[in-house]
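# Summary of the model geometry
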Amino acid sequence: MRFSITILLILVLSAVGLTYEIAAGRVLAPFFGTSLLTWTTVIATVLGGFSLGSALGGFVAERPRAVAIGNVRAALIATAVLMAVSPTLLSAFHASGARGTWGMIITVLVVFFPASVAVTLPSPLLAKFAIEARPGREGSSLGIVMAAGSVGAIFGAILAGFVTLPLIGSTMTFAACGAAALLCLPFLRGGKPGDKGITVAAVGFVAFAGIAAPPSCQFESGLSCLHVEKRGPEVRLISDGIMQASERRVPPGAADNTVGLGLRYTEWLWSRMQRDLGTAPSVLFIGGGGYTLPTKLLETRPDATAVAVEIDPLVTEVVRTHMPRASEMIARAGYDASGSAEATNGRLGLVHADGRVYLNETERRFDAVVMDAFSSNSVPAHLVTLETFARLRDIVDGPIYVNLIDTEDGPLARGVNAILRDLFPHVEVVNGALNQRDRGNILFVASDTPVRPLAGLPEGYRRTTISDARAFTDDRGWTGHR
């Protein structure tokens with residue numbers, strides 16, 4: 001085998017391995033969420049598979065050439081099938097009842113470990129061929145082999161994050177990884193002829209998995225897995241399996257004909273905003289979601305303005321298409337607020353960026369802020385640190401509203417409570433009804449001035465107190481739900 005061919009195959013298989021790893025973390029989110037723990041499990045599992053595959057591949061490389069090539073061909077076929085079937089296996093494990101930390105760990109091991117072993121098994125034999133192809137230049141050949149593995153991994157990471165996941169989705173990405181493994185087969189010659197029927201079956205299975213298998217998401221980008229549900233008068237936006245927003249159609253003749261808020265926590269936030277804010281507030285929303293609260297604000301207060309920071313442009317596009325009242329408001333009042341200057345002909349500024357990045361860069365001031373950003377069912381760690389809220393205090397003149405999902409008096413609630421009480425003299429906390437996993441919405445309002453109590457709370461909500469704890473910082477922050 002020519003040296004250039006061995007390097008090409010190593011590049012391809014390394015790229016396939018890293019693309020698979022990143023796709024694994026993405027497709028896991030709708031079932032088990034996205035947190036430090038889920039990504040740690042995925043990375044550790046896939047790297048463990050790479051290690052075992054390399055070790056087994058070393059023993060394969062010592063076998064007679066014809067046998068070794070046959071083993072490597074079988075590994076590539078196994079790689080293709082296992083990668084293509086990964087989304088289906090993941091769904092099956094979740095449907096069977098896999099939940100919680102141990103359910104997630106076992107699912108990741110069973111679903112993603114075998115393919116990680118198989119994709120790396122050919123590498124030692126290819127490295128051996130590369131060294132044999134350049135007698136007397138073994139050192140440089142080995143160095144190039146190692147560099148090719150690293151370059152392929154870099155290319156695979158970029159390919160997954162910037163190309164395949166945003167453009168074709170996770171299901172097709174897994175099938176594409178399998179197809180790339182099968183494309184390596186024609187270059188492995190000299191071994192015992194394999195069973196062509198098995199190869200043809202593998203090709204057919206990978207094609208079926210990519211084309212016929214249902215996508216994991218109705219709408220998908222590299223950041224979000226979205227579904228839209230319509231239930232009677234209500235339109236729900238679901239992100240990574242968690243209901244993110246709900247817009248309720250208001251019947252004709254209703255006393256309040258503005259957009260209907262379908263989620264109880266938004267009712268509390270809106271009640272607080274009505275009580276706390278004036279007639280022409282400027283409000284910053286970190287997390288666009290379904291844009292229901294910005295829409296409500298601008299519909300009820302003609303002189304109000306808002307800026308909504310949403311990291312994923314796909315979320316905004318889905319809202320434009322499927323959530324009528326928010327879509328109408330975006331069309332009528334929306335403008336690109338990426339710059340620091342305020343608009344002259346729009347009231348709803350749209351910023352597609354990470355919330356922390358926007359806070360670091362903006363020069364605008366606001367009368368209030370709503371922190372309602374989520375990645376799956378957890379708040380991104382860098383948005384719940386002392387440094388983040390200190391920056392908010394610098395640019396916001398009024399109250400700060402925060403929505404979390406946590407257990408009652410849980411670690412996330414305690415850490416955020418410690419931050420707010422360090423920075424503000426007045427903090428009020430309420431929590432909603434808990435779900436089957438004992439988690440619910442924990443809502444804060446923090447202000448420099450006394451917080452006037454509301455006349456009533458949404459059904460299932462009550463005022464609560466949070467225990468003292470260490471405030472999260474950029475150095476030691478929130479790790480995600482376990």
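One can find the structure itself at the top, above this paragraph.
As a starting point, this report considers the structure included with it. Positions within a chain are numbered from 1, following the residues in the order the chain's sequence is written. Under the rules for a predicted model, residues below a pLDDT of 70 receive no local features and side-chain atom pairs below 80 are neither given nor counted, while totals for whole chains, interfaces and linings still include all residues. Working from all heavy atoms in the structure, the side-chain values ignore hydrogens and water.

Secondary structure is summarised from DSSP: a helix means a run of H or I of at least four residues, a strand means a run of E of at least two, and numbering begins at the N terminus for each. On a plain count of helices and strands, the protein chain comes out with 14 helices and 14 strands. Counting only C-alpha atoms and orienting by the principal axes, one finds that the protein chain spans roughly 80 × 45 × 45 Å. Here the protein chain holds 482 residues, and 52% of them are scored as buried. Residue contacts follow a heavy-atom distance rule, with two residues in contact if any of their heavy atoms lie within 4.5 Å. Taking all contacts inside the protein chain whose residues are at least 6 apart in sequence as the whole, residues at least 24 apart take part in 72%. Here the open area of atoms and residues is found with the Shrake-Rupley method and a 1.4 Å probe, where only the protein chains shown may cover a residue. Summed over its atoms, the accessible surface of the protein chain is roughly 20900 Å², and 59% of this surface lies on carbon and sulfur atoms. Residues scored as charged are limited to Lys and Arg (positive) and Asp and Glu (negative), so that His and the chain ends carry no count. For the purpose of locating charges, the reference atoms are NZ of Lys, CZ of Arg, CG of Asp and CD of Glu. In the protein chain, 41 side chains carry a positive charge and 40 a negative one; their mean positions are 7 Å apart. Burial status follows relative accessibility: with a 1.4 Å probe on protein chains alone, a residue under 20% of its type maximum counts as buried, one over 50% as exposed, and anything between as partly exposed.

Another aspect to go through is the sheet that holds strand β5 (residues 260-261). What makes two strands pair is DSSP finding at least two bridges between them. Taken together, five strands build an open sheet; the order of strands is β1-β2-β3-β4-β5 and the sheet is antiparallel. The open sheet has two edge strands, β1 (219-220) and β5, and neither has a second partner. In this structure, strand β2 (residues 225-231) lies alongside strand β3 (residues 234-239), joined through six bridges in antiparallel fashion. Along β3, the bridge assignment pairs Leu 226 with Ser 239. Axis lines are fitted to C-alpha atoms, over the contacting stretch for helices. Their N-to-C directions set the angle, which ranges from 0 to 180 degrees. Strand contacts of helix α10 (residues 313-322): β1, β2 and β3, with the helix running at about 20° to β2, the strand carrying the most contacts.

Before going further, it helps to spend a moment on the layout of surface pockets. Grid spacing is 1 Å over the protein atoms alone, the probe is 1.4 Å, and a cavity is where that probe fits but cannot get out, while a pocket is an open set with protein on both sides within 12 Å along at least five of seven lines and lining residues have an atom within 4 Å of a point. Grid points are joined across faces, edges and corners, and a volume is the space filled by probe spheres set on the points. When its volume is computed, the second largest pocket comes out at roughly 310 Å³. For the lining of the second largest pocket, the secondary structure elements donating two or more residues are α1 (3-32), α2 (36-61), α4 (100-120), α5 (123-132) and α6 (138-183). Looking at the lining of the second largest pocket element by element, the count peaks at five residues for α1. Residue polarity follows a fixed list, in which Ala, Val, Leu, Ile, Met, Phe, Trp, Tyr, Cys and Pro are nonpolar, Asp, Glu, Lys and Arg are charged, and the others, Gly among them, are polar. Residues of the lining of the second largest pocket, tallied by class, amount to ten nonpolar, six polar and no charged.

Disulfides are defined in this document as cysteine sulfur pairs within 2.5 Å. On inspection of all chains with the given rule, the structure shows one disulfide. Residue pairing for Cys 217: its cysteine sulfur links by disulfide to Cys 225, the two sulfurs lying 2.0 Å apart. Measuring the twist about the S-S bond at about -115°, one finds the Cys 217-Cys 225 disulfide to be left-handed. The same class applies to Cys 217 as to Cys 225, namely buried. We note that Cys 177 lacks a disulfide partner, and the nearest cysteine sulfur, in Cys 184, lies 12 Å from it. A relative accessible area of 4% places Cys 177 in the buried class.

The next thing to look at is a nonpolar patch on the surface. The residues that make up patches have over 30% relative accessible area and no salt bridge, and they are joined within 9 Å when like-charged or within 5 Å when they are Val, Leu, Ile, Met, Phe, Trp or Tyr. Any Lys or Arg side-chain nitrogen found within 4 Å of a carboxyl oxygen on Asp or Glu counts as a salt bridge. A cluster of nonpolar residues, Ile 154, Ile 158, Phe 162, Val 163, Leu 167, Ile 168 and Met 172, forms a patch on the protein surface that exposes about 700 Å² of accessible area. Positionally, Ile 154 belongs in helix α6.

It is worth spelling out the pattern of salt bridges at this point. What the rule picks out here adds up to 14 salt bridges. A salt bridge links Glu 459 to Arg 264; the nearest nitrogen and oxygen atoms lie 3.4 Å apart. Taken together, the residues span a long stretch of sequence, with Glu 459 in the loop between β13 (439-447) and β14 (462-463) and Arg 264 in helix α8 (residues 264-276) at a distance of 195 residues. Classification of Arg 264 by relative accessible area gives partly exposed; the value is 40%. The residue Glu 317 makes a salt bridge to Arg 320 at a minimum N-O spacing of 3.5 Å. Pair noted here: Glu 317 and Arg 320 are both in helix α10, with a separation of three residues, about one helical turn.

Put simply, a nonpolar core is a bunch of buried Ala, Val, Leu, Ile, Met, Phe, Trp, Tyr and Cys residues held in one set by side-chain atoms that sit within 4.5 Å of each other. Counting 57 residues, the largest nonpolar core has Leu 28 and Phe 112 as the members making the most contacts within it. Those elements that provide at least two residues to this core are α1, α2, α3 (65-95), α4, α5, α6 and α7 (196-211). A per-element tally of this core places α1 first, with 14 residues. The contact partners of Phe 112, leaving out residues within four places of it in the chain, are Tyr 20, Ala 24, Val 27, Leu 28, Thr 45, Ser 86, Leu 90 and Phe 174. Grouped together as the second largest cluster of nonpolar side chains are 41 residues, Leu 237, Leu 298, Ala 306 and Leu 454 included.

Glancing now at empty space enclosed by the protein. Using the criterion set out here, one finds two cavities of 30 Å³ or more in the structure. Taken as a whole, the largest cavity holds about 60 Å³ of empty space. Along its surface, the largest cavity is lined by Met 371, Asp 372, Ala 373, Val 379, Leu 383, Val 384, Phe 389, Val 402, Asn 403 and Leu 404. Among the elements that take part in the lining of the largest cavity, strand β11 (residues 400-407) stands out by supplying three residues, more than any other. Approximately 30 Å³ is the volume found for the second largest cavity. Of all the elements in the fold, those that place two or more residues in the lining of the second largest cavity are α1 and α2. By residue number, the principal contributor to the lining of the second largest cavity is α2, which donates three residues. Per-class residue counts for the lining of the second largest cavity are three nonpolar, four polar and no charged.

Function cannot be inferred from these measures alone, as they are strictly geometric.
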